Amino acid sequence: MVELQGRYVLTSNRESGFGRYDVMLEPLHEKDDAMILEFKVFQPRKENTLADTVKSALQQINDRHYETFFLTKGISKERIRKYGFAFSGKEIFIGSDD
């Protein structure tokens, strides 16, 4: 994330839409896309796989309308990337809504 310092403003755990997102990367230049990152720990009682956990993270981003922050700044939906991260010990799975 440090390497993105000149391209993005990084914020975390702030309100947007109907909740608090984990991390947002707001682009400083038109050529870069905006990013929403949601992190979840795998819960075997609720989910079968890390892929299920990623789906849950992406669903939270959409259900709580975290993209509202970027939309109010004039960033189009096409330029907003959404990523879900699932963790289980040292294992990680990352997915997007693309």
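The text that follows walks through the structure, step by step, so that each part is easy to find. (Residues numbered from 1 in each chain as written. Predicted model: local features only at pLDDT ≥ 70, side-chain atom pairs only at ≥ 80, totals over all residues. Heavy atoms only, no water.)

### Regarding unusual backbone geometry
Positive phi, close to 55°, is recorded for histidine 65, a residue that is not glycine. With respect to the element layout, histidine 65 can be found in the loop between helix 1 (50–63) and helix 2 (68–72). Of the residues examined, histidine 65 reaches a relative accessible area of 32% and is grouped as partly exposed. (Helix = DSSP H or I, 4+ residues; strand = E, 2+ residues; numbered from the N terminus. Buried < 20%, exposed > 50% of the residue type's maximum accessible area, 1.4 Å probe, protein only.)

### Topic: helix 1
Taking 1.5 Å as the rise per residue, helix 1 with 14 residues should run 20 Å; its terminal C-alpha atoms sit 20 Å apart, in good agreement. Every buried residue of helix 1 is accounted for by Leu50, Thr53, Val54, Ala57, Leu58, Gln60 and Ile61. Projected down its long axis, helix 1 shows its buried positions confined to an angular sector of 155°, all on one face. Regarding helix 1, its N-cap is threonine 49, as a side-chain oxygen of that residue lies 3.3 Å from the backbone nitrogen of alanine 51 further along. At the C-terminal side of helix 1, histidine 65 shows a positive phi close to 55°. (Expected span 1.5 Å × (residues − 1). Arc of directions from axis to C-beta. Polar contact = N/O pair within 3.5 Å; in protein donor to acceptor, adjacent residues only side chain to side chain.)

### Side note on the pattern of salt bridges
As enumerated under the stated definition, the model contains 7 salt bridges in all. Arginine 7 serves as the salt-bridge partner of aspartate 32, at 2.7 Å between the closest nitrogen and oxygen. In this pair, aspartate 32 is assigned in the loop between strand 4 (23–27) and strand 5 (34–41) and arginine 7 in the segment before strand 1 (8–12), connecting sequence segments 25 residues apart. One network of salt bridges, with partners in common, ties together Glu67, Lys77, Lys82 and Asp97. (Salt bridge = Lys/Arg side-chain N within 4 Å of Asp/Glu carboxyl O.)

### Quick look at the packing of aromatic side chains
According to the stated counting rule, one finds 4 aromatic pairs in the structure shown. Judged by centre distance (6.1 Å) and plane angle (35°), the rings of phenylalanine 39 and phenylalanine 87 are tilted. With phenylalanine 39 in strand 5 and phenylalanine 87 in strand 6 (residues 80–88), this residue pair connects regions lying 48 residues apart in the sequence. On the accessibility criterion, phenylalanine 87 (28% relative accessible area) is partly exposed. For the pair phenylalanine 69 and phenylalanine 70, a centre-to-centre distance of 5.3 Å together with 65° between the ring planes defines the contact as edge-to-face. By relative accessible area, phenylalanine 70 is classed as buried at 0%. (Phe/Tyr/Trp six-rings, centres within 6.5 Å; stacked < 30°, edge-to-face > 60°.)

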